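Structural description and commentary
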Amino acid sequence: MSVKSIRLNRRAFLGSAAAVAAFSSMPRVFAQEGPIRVGGTLPLTGPLAGVGAIHRLAAEVFVEQINAKGGILGRKVEFVLLDDQSLPANARTLYERLVTADKVDLLMGPYGTSSIIAAMGVAARFKKMLVQSSLGDPSLAPYPLQFPSLPIGAEPQLTDTEIVLDAYASLPAPPKTIAFVTSKFPSALTIAKGGQQVAEKRGIKSLLDLEYEFGTKDFGAIANRIKAADPDLLWSGAIGMEAVQLLDAMSRIDYQPRNQFYLFPAPGPTAAHPKANGLTSLTWFEEHEPFLKNHGAPEFVSAYGSKAKAAGFPYPRTEYQAAVEYAAWQILAAAAEGAGKLDDAAMAAWLRSNAVETVVGPRTFDGKFNAGKPSTKLKQVQGKDWVTVWPADFRPAGKEFLVP
C-alpha cells in the first residue's frame, strides 16, 4: 500500500468518525425517526368545500404552532391531507389508502357525519384511533376508539333544540308555532326529528314538516311552502350553503320568517346575507369573551384570523367550525403526549381517563359514545357578525338577544 493511500484512508476514517460523533450527539428521536404523519380528508371541493376550507386552515394553524414548539413527542408533525370531494364513498377509499399505502402514523377525521362514519369503518378495521370534529349524531359512532371534539353530548337530537327553544322562550313573545324544514343529511334529519319531539312536549304547534335531498339548489318551492305555513319560528336543518340558498329563495317571494334558526350553515356567507340579521344557529366557540379564556384560544384566534384574511375568506373571524377542528388536533396531541407513544389503544385509554383542555373548553370522554357533557350555545347574526346570545352569561358585554 502506498503512503498516499494510507493518508487517504486515514482521512476517510477520521471523516467517518466525526460524522458518527455528530450523528450520535443529535436528539435520539430525530436521529432515528422522521415527522409524525397524520392522515385525513376534508371536502376541499363539492358542496361542503366552503366549510372544508375552514377546517383545513384551522388544521394548518395547529400544525404550524405545534411544530414551532418542537412537535409532538419531540417530532415534527406533517398533515397528509386528501380531498374527499364531499363524498362519503371517497372518504372511505382515501382513508384505506392513508392507512395501507401512505402508512400514516395517526388519523384525523373528515368533515361531516356521513364521511366520518365512512372513515370510522376503516379505522375500526385497522384498530386506529379516530379523533373527529363534526359528527352530528353520536349514536352512529359506537366505535370505542373514536373521540369527538364537538361537545354536543350523547343526545343532541334533543338537547340542541332544547337550547334553541329555551333561548326563544326568553323573548317577550315566545314562538307558539314552528316549521321544520330540513336536509336529509343524516345528522340534520336526526336532530330535526328530535326537535319535533321537543317542540311537541313544550306545546309548540308544528305547522310544517318538510325534508329535501342534501345538495338541493332550487329552494323556490320550499320557500313557498314556508310562506304558506308562516310559522313564528322556522327551524331549518340547512347544511353549508343551503342556508344562503333558502334565504335567497324567500327573498325572491318577499317573505322573511318572524324568527329563524339554521342548524349548520356556512358561517361567512350566511352572516353576510342581507336578510340574515337576527337569525340564529348553534355554537360552541365565537371570537369573544368568555371563550377567549379557553386553552390556546387567544393564540389560535390571532393566527387563524390573519390567515383567513390573507386567504380572502368571506368571514375571517374565528367561529366554532374552525375551533372544533383545532380542538380535535389538541386532543390528538394530548393523547400522544399523555400515552408517551404513538399507540392507538394506549392513546385511547389515556383519553378515556383524562380531561383535555381545548379552545372549546375542557373535553372529557365519559358516558355513551365517548361524548362527554354537552355545552351547546345559541348565536345570532347581528350586523353581519355572529354573537353568542344564549345562555346569557356567554354574551359579550353590551350585547342582547335581538328581537327581529
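Thresholds applied
- Residues numbered from 1 in each chain as written.
- Predicted model: local features only at pLDDT ≥ 70, side-chain atom pairs only at ≥ 80, totals over all residues.
- Heavy atoms only, no water.
- UniProt positions renumbered as here; feature names shortened; annotations may be inferred.
- Helix = DSSP H or I, 4+ residues; strand = E, 2+ residues; numbered from the N terminus.
- Core = buried A, V, L, I, M, F, W, Y, C linked by side-chain atoms within 4.5 Å.
- Buried < 20%, exposed > 50% of the residue type's maximum accessible area, 1.4 Å probe, protein only.
- Domains from an automatic or database assignment.
- Contact = heavy atoms within 4.5 Å.
- Polar contact = N/O pair within 3.5 Å; in protein donor to acceptor, adjacent residues only side chain to side chain.
- Buried area = accessible area lost by both parts, 1.4 Å probe.
- Salt bridge = Lys/Arg side-chain N within 4 Å of Asp/Glu carboxyl O.
- Pairing = 2+ DSSP bridges.
- Phe/Tyr/Trp six-rings, centres within 6.5 Å; stacked < 30°, edge-to-face > 60°.
- Lys NZ or Arg CZ within 6 Å of the ring centre and 35° of its normal.

For the rest of this paragraph, the subject is the UniProt feature "domain: Leucine-binding protein" (unreviewed entry) in the protein chain. The residues that UniProt annotates with the feature "domain: Leucine-binding protein" (unreviewed entry) are residues 35-373. Secondary structure over residues 35-373 splits into 43% helix and 18% strand, and the C-alpha atoms at its two ends are 34 Å apart.

In this section: the nonpolar core. In terms of nonpolar packing, the biggest core is built from 97 residues, with Tyr304, Trp329 and Leu378 touching the most fellow members. At 14 residues, the largest contribution of residues to this core is made by helix α12 (residues 320-339). Per-domain counts for this core show at least three residues from each of domain 1 (36-152 + 293-373) and domain 2 (156-283 + 378-394). Sequence-distant contacts of Tyr304, defined by excluding residues within four places in its chain, comprise Ile54, Leu57, Ala58, Val61, Phe313, Pro316, Arg317, Thr318 and Ala322.

On to the side chain of Ser133. By the secondary structure assignment, Ser133 is in the loop between β4 (130-132) and β5 (146-148). Side-chain polar atoms of Ser133 contact the side chain of Glu325, separated by 3.5 Å. If sequence neighbours within four positions are ignored, Ser133 has contacts with His55, Ser149, Leu150, Val324, Glu325 and Ala328.

Here the protein chain is described as being made up of domain 1 (36-152 + 293-373) and domain 2 (156-283 + 378-394). The straight-line distance from the C-alpha centre of domain 1 to that of domain 2 is 27 Å. Contact between domain 1 and domain 2 buries roughly 1600 Å² in total, counting both sides, with carbon and sulfur atoms accounting for 67%. Among the ionic pairs, Asp385 bridges to Arg317, the shortest N-O distance being 3.2 Å. The tally of links from domain 1 across to domain 2 stands at 4 residue pairs in polar contact (both at pLDDT 80 or more).

Another point: the pairing of strand β2 (residues 77-83). With 7 bridges joining them, strand β1 (residues 36-42) and β2 adopt parallel strand pairing. Paired with Arg37 across the bridge in β2 is Glu78.

The next point concerns the packing of aromatic side chains. Within the structure shown, the criterion is met by 14 aromatic pairs. Taken together, a centroid distance of 5.3 Å and an interplanar angle of 65° make the contact between Tyr168 and Phe401 edge-to-face. With a gap of 233 residues between them, Tyr168 in helix α6 (residues 156-169) and Phe401 in the segment after β14 (385-390) connect regions that are remote in the sequence. For the pair Tyr168 and Phe401, a shared accessibility class is recorded, and that class is buried. Centre to centre, the rings of Trp284 and Tyr320 are 4.9 Å apart; their planes meet at 65°, and the pair counts as edge-to-face. Residue Trp284 is located in the loop between β10 (280-283) and α11 (297-310), and its partner Tyr320 is located in helix α12; the two are separated by 36 residues in the primary sequence. Taken as a pair, Trp284 and Tyr320 share a single burial class, namely buried. Of the aromatic side chains, those joined through ring pairs into one cluster are Phe62, Phe79, Phe300, Tyr304, Tyr326 and Trp329. Residue placement shows Lys377 over the ring face of Phe394; its charged tip is 4.4 Å from the ring centre. Here the guanidinium or amino end of Lys379 rests over the ring plane of Trp386, the centre of that ring lying 4.3 Å away.

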